[in-house]
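Each chain is listed here by its residues.
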Amino acid sequence: MPVEASVSTALGLVLVVFLALYAWRLRDYRADEKAMQRLVSTQPHRPARFDPARLAGLPAAAQRYFRAAIEPGTPLFTVARIEMRGRFGMGSRERPGYMAMSARQVLAAPEGFVWSMSARRGPMIFSGSDSERWTRFWLMGVLPVARLGGDPDHARSAFGRYVAEAVFWTPAALLPGPGVTWEALGQSCARVTVAHGGLSQAVDVEVDSDGRPCEVRFDRWSNANAERRHRLQPFGGRLSAFRSFDGFCLPTHVEAGNHFGTPDYFPFFVVDVTRVDFPEP
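Quick caveat, the model's predicted, so the values are computed rather than measured.

Thresholds, definitions, all that
Residues numbered from 1 in each chain as written. Predicted model: local features only at pLDDT ≥ 70, side-chain atom pairs only at ≥ 80, totals over all residues. Heavy atoms only, no water. Phe/Tyr/Trp six-rings, centres within 6.5 Å; stacked < 30°, edge-to-face > 60°. Lys NZ or Arg CZ within 6 Å of the ring centre and 35° of its normal. Helix = DSSP H or I, 4+ residues; strand = E, 2+ residues; numbered from the N terminus. Buried < 20%, exposed > 50% of the residue type's maximum accessible area, 1.4 Å probe, protein only. Contact = heavy atoms within 4.5 Å. Polar contact = N/O pair within 3.5 Å; in protein donor to acceptor, adjacent residues only side chain to side chain. Lys, Arg positive; Asp, Glu negative; His and termini not counted. Salt bridge = Lys/Arg side-chain N within 4 Å of Asp/Glu carboxyl O. 1 Å grid on protein atoms, 1.4 Å probe; cavity = no way out; pocket = protein on both sides within 12 Å on 5 of 7 lines; lining within 4 Å. Points joined across faces, edges and corners; volume = space filled by probe spheres on them.

A. Spatial organisation of the packing of aromatic side chains. This model, assessed by the stated rule, comprises 17 aromatic pairs. Following the ring pairs from residue to residue traces out a cluster consisting of F88, Y98, W115, F218, F235, F266, F268 and F269. The side chain of R156 reaches across the aromatic face of W221, ending 3.9 Å from its centre. Above the ring of F235, the side-chain terminus of R220 is found at 4.9 Å from the ring centroid.

B. Layout of the environment of E183. Inspection of the secondary structure puts E183 in strand β7 (residues 180-186). E183 sits in the partly exposed class, given a relative accessible area of 38%. Those residues in contact with E183 that lie beyond four places of it in its chain are P59, A190 and R191.

C. Representation of the environment of D130 in the model. Note on placement: D130 falls in strand β4 (residues 124-131). Between the C-alpha atoms of D130 and W24, which are 106 residues apart in sequence, the distance is 16 Å. Excluding residues that lie within four positions of it along the chain, D130 makes contacts with F113, V114, W115, T135, F137 and R161. At 2.5 Å, the side chain of D130 and the side chain of T135 are in polar contact.

D. Inspection of the side chain of R220 at higher detail. With respect to the helices, strands and loops of the structure, R220 is situated in strand β10 (residues 213-222). Notably, R220 is buried but unbridged: the nearest opposite-charge side chain belongs to D130, and the N-O separation is 6.3 Å. Among the polar contacts listed, one links the side chain of R220 to the backbone oxygen of S157, at a separation of 3.1 Å. If we ignore the near neighbours within four places in the chain, the residues touching R220 are S157, A158, R161, R231, L232, Q233 and F235.

E. Up close: empty space enclosed by the protein. The full count for this structure, using the stated rule, is one cavity of 30 Å³ or more. For the largest cavity, the calculated volume is near 30 Å³. Y65, A69, V167, F168, P171, P213, F242, C249, L250 and P251 are the residues that line the largest cavity. Sorting the residues of the lining of the largest cavity by element identifies α2 (60-69), α3 (152-169) and β12 (248-258) as the ones contributing at least two each. Broken down by element, the lining of the largest cavity gets its largest block of residues, three residues, from β12.

Set out below in C-alpha cells:
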C-alpha cells in the first residue's frame, strides 16, 4: 500500500475514533441535562411557607439553625440550582494538585443530585459529572478517565454527599418530617438523620453564635483511602460567607474533604457559590 494511502487510512481511523468518543461525551452531557430536569420536577408545587412554630420540640441547635437559615414566610422549596467556582484537588494533602474549577448543580435531597463540572490546570482540561447514579469524568473532553456507579457502594457514598449538602443549600429539605429526625449533641451541635430508599445518613451540624452552620461532619462510605476499600470514614467541611437567596441564608464559601478532623484531612473541594435559585417544577 502506498505511503499516502496508509497515512490517509490511519488519519481516517483516528477521525472515526475521535468522533465516536465525542458522541459518547455528548451522550453523557444529555444524560446530565435529563437527570437535572427530572430532579427539578420534584420541586414542591406551591409549597407551604416557613412558620417557626413548627420547630417546637427540636434540639436548641437545630432550632437556631433553621431560624438563621430560613426567614419566616419563605416558600419551603427543597430543590436548588447552584453555580460555583473554585478549586478541585486531584492529589493529596502533601501535593493537592488543585485545578481551577467551575460547576453547576441541581440538589434535590433526598431524591438525588447532579453536579456537572469543568476544571483546568495549564493545558489539561478535566470535566464530567457526579450524581446518585454515576461518576463520569473525561480528559480533554474526549478521553474517558473514570466511569463508576450503578452499585450499592456508589449509591451509599453519594447519599452521604447530598444529604450533607442539603445542610448547606436546601435547609427546607431537612425540616422534621417523614424520614428526617434531629437529635441534640450539645448546645451548639445537632445531628440530622435522613432515611430514604433503604439508605440512611447522619450528619452533625455545628452552628455559630448566630445559628449559622459553620461546620458539617459525618461518617461517609468511601474508598478514598490507601487500601481503596469502601468503609466509613470522616468527611466534612467548613462553611462561611453567608448570603440571602430568596429568603434562605446560605453559605457561599465551602471547604470540604476526606478524613475531616484528622491529621490526614485534605480539602479537595474549595468553592465559592456565585448563584442559587429555586426553580419552579
